[in-house]
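Spelled out, the chains give:
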Amino acid sequence: MKRIDAINEIAAKAKESGALLIGNIGIPCKELHHVCDMQANFYMLGSMGLASSIGLGLALSRPDKKVITMEGDGSILMNMGTLATIASQEPDNYLLVIVDNGAYGSTGNQPTATSKNTDLAAVAKGAGNKKVYVVGSPEDLRQTLKSTDSGIIVVKAEPGNTEAPVIEMTPEVILKRFMDISSQPSR
């Protein structure tokens, strides 16, 4: 599976469920924006490793809303403590989807530790997370997304980027439009 396939499935789940969707740094955000730009998407443009923490904070502060965070393996490797914090908080409205393509996609596809011997699902379980799933095809991801609204999904993907245009919004505009929707009461 390619990362763009995973992004399509994640975006469809967010749109269908009305979830707030946090995208991780760089090219994956551009791909998400290209595939399914919504006001409920928050594009992390430059804070590698923090999308999962931001998503968790949002889920804890807004338990009435579903929150999905899309994170990469390189980003999770930079902030592995977030896996322990997610396990200790265990919010039932938070789903972390880690797209593990074994590469730092936004900086030139250099290999990450997951391309050799680091197993992010084992790390997440070792940190105390009870609901951890591993998928490797768009169909498996679609089925897993249908059956769960919380926990951690590790998506095995091939390295590589899709040609996606630059997000034309400024960070201030991204933040404002996201805050406008995320602060509204749930329906």
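Residues numbered from 1 in each chain as written. Predicted model: local features only at pLDDT ≥ 70, side-chain atom pairs only at ≥ 80, totals over all residues. Heavy atoms only, no water.

Enquirer: Give a detailed account of the overall build of the protein chain, specifying residues and quantitative values.
Expert: Within the protein chain one finds 8 helices and 8 strands. In summary, the protein chain has a C-alpha radius of gyration of 15 Å against a globular reference of 16 Å for 187 residues, a match within 12%. If you line up the protein chain on its principal axes, its C-alpha atoms span 45 × 35 × 30 Å. Across the 187 residues that make up the protein chain, the buried fraction comes to 50%. If you take every contact in the protein chain between residues at least 6 apart in sequence, the share linking residues at least 24 apart comes to 71%. Both charge centroids of the protein chain, one from 18 positive and one from 20 negative side chains, sit 4 Å from each other. (Helix = DSSP H or I, 4+ residues; strand = E, 2+ residues; numbered from the N terminus. Rg over C-alpha atoms; globule rule 2.2 N^0.38 Å. Buried < 20%, exposed > 50% of the residue type's maximum accessible area, 1.4 Å probe, protein only. Contact = heavy atoms within 4.5 Å. Lys, Arg positive; Asp, Glu negative; His and termini not counted. Charge placed at Lys NZ, Arg CZ, Asp CG, Glu CD.)

Enquirer: Could you give an account of the sheet that holds strand β1 (residues 20-23), naming the residues involved and the relevant values?
Expert: In any sheet, the strands associate via hydrogen bonds between backbone groups, in a parallel or an antiparallel arrangement. Strand order in the open sheet made by the 6 strands is β2-β1-β3-β4-β8-β7, with parallel pairing throughout. Looking at the sheet topology across the chains shown, the edges are occupied by β2 (41-43) and β7 (132-135). Direction aside, the axes of adjacent strands within the sheet are offset by 15° on average. Relative to strand β8 (residues 151-156), strand β4 (residues 94-100) is paired through 6 bridges, and the arrangement is parallel. For Val99, the partnering residue across the bridge sits in β8 and is Val155. (Pairing = 2+ DSSP bridges. Axes fitted to C-alpha atoms, helices over the stretch in contact; angles between N-to-C directions.)

Enquirer: I'd love a proper account of empty space enclosed by the protein, names of residues and values included.
Expert: For the coordinates displayed, the defined rule picks out 1 cavity of 30 Å³ or more. Breaking the lining of the largest cavity down by element, the ones donating at least two residues are α1 (3-17) and β3 (67-72). When the residues that make up the lining of the largest cavity are grouped by side-chain class, the tally is 4 nonpolar, 3 polar and 3 charged. (1 Å grid on protein atoms, 1.4 Å probe; cavity = no way out; pocket = protein on both sides within 12 Å on 5 of 7 lines; lining within 4 Å. Points joined across faces, edges and corners; volume = space filled by probe spheres on them. Nonpolar A, V, L, I, M, F, W, Y, C, P; charged D, E, K, R; others polar.)

Enquirer: Can you explain the layout of surface pockets? Please cite residues and give values.
Expert: Considered as a void within the structure, the second largest pocket measures approximately 190 Å³ in volume. Around the second largest pocket, the lining is made up of 18 residues, and of these Asn24, Pro28, Gly72, Ala103 and Gly105 lie nearest the centre. If you list the elements that add at least two residues to the lining of the second largest pocket, you get β3, α4 (73-78) and β5 (103-104). Its residues assigned to classes, the lining of the second largest pocket comprises 7 nonpolar, 8 polar and 3 charged.

Enquirer: Tell me about the side chain of Thr112, and please be specific about residues and values.
Expert: Mapped onto the fold, Thr112 is located in the loop between β6 (110-111) and α6 (120-126). Looking at Thr112, its side chain comes within polar contact range of the side chain of Thr114, at 2.8 Å. Setting aside anything within four residues of it in sequence, one finds Thr112 in contact with Asp73, Gly74, Leu77, Gly102, Ala103 and Tyr104. (Polar contact = N/O pair within 3.5 Å; in protein donor to acceptor, adjacent residues only side chain to side chain.)

Enquirer: Pulling in residues and values, what's your account of the pairing of β7?
Expert: Taken together, the 4 bridges between β7 and β8 define a ladder with parallel strand orientation. Residue Val132 lies in a different strand from β8, and its bridge partner there is Ile152. Handedness of the crossover is the feature at issue here: the chain leaves β7, passes through helix α7 (residues 138-147), returns alongside β8, and the resulting connection is right-handed. (Right-handed = clockwise from strand over helix to strand, strands pointing away.)

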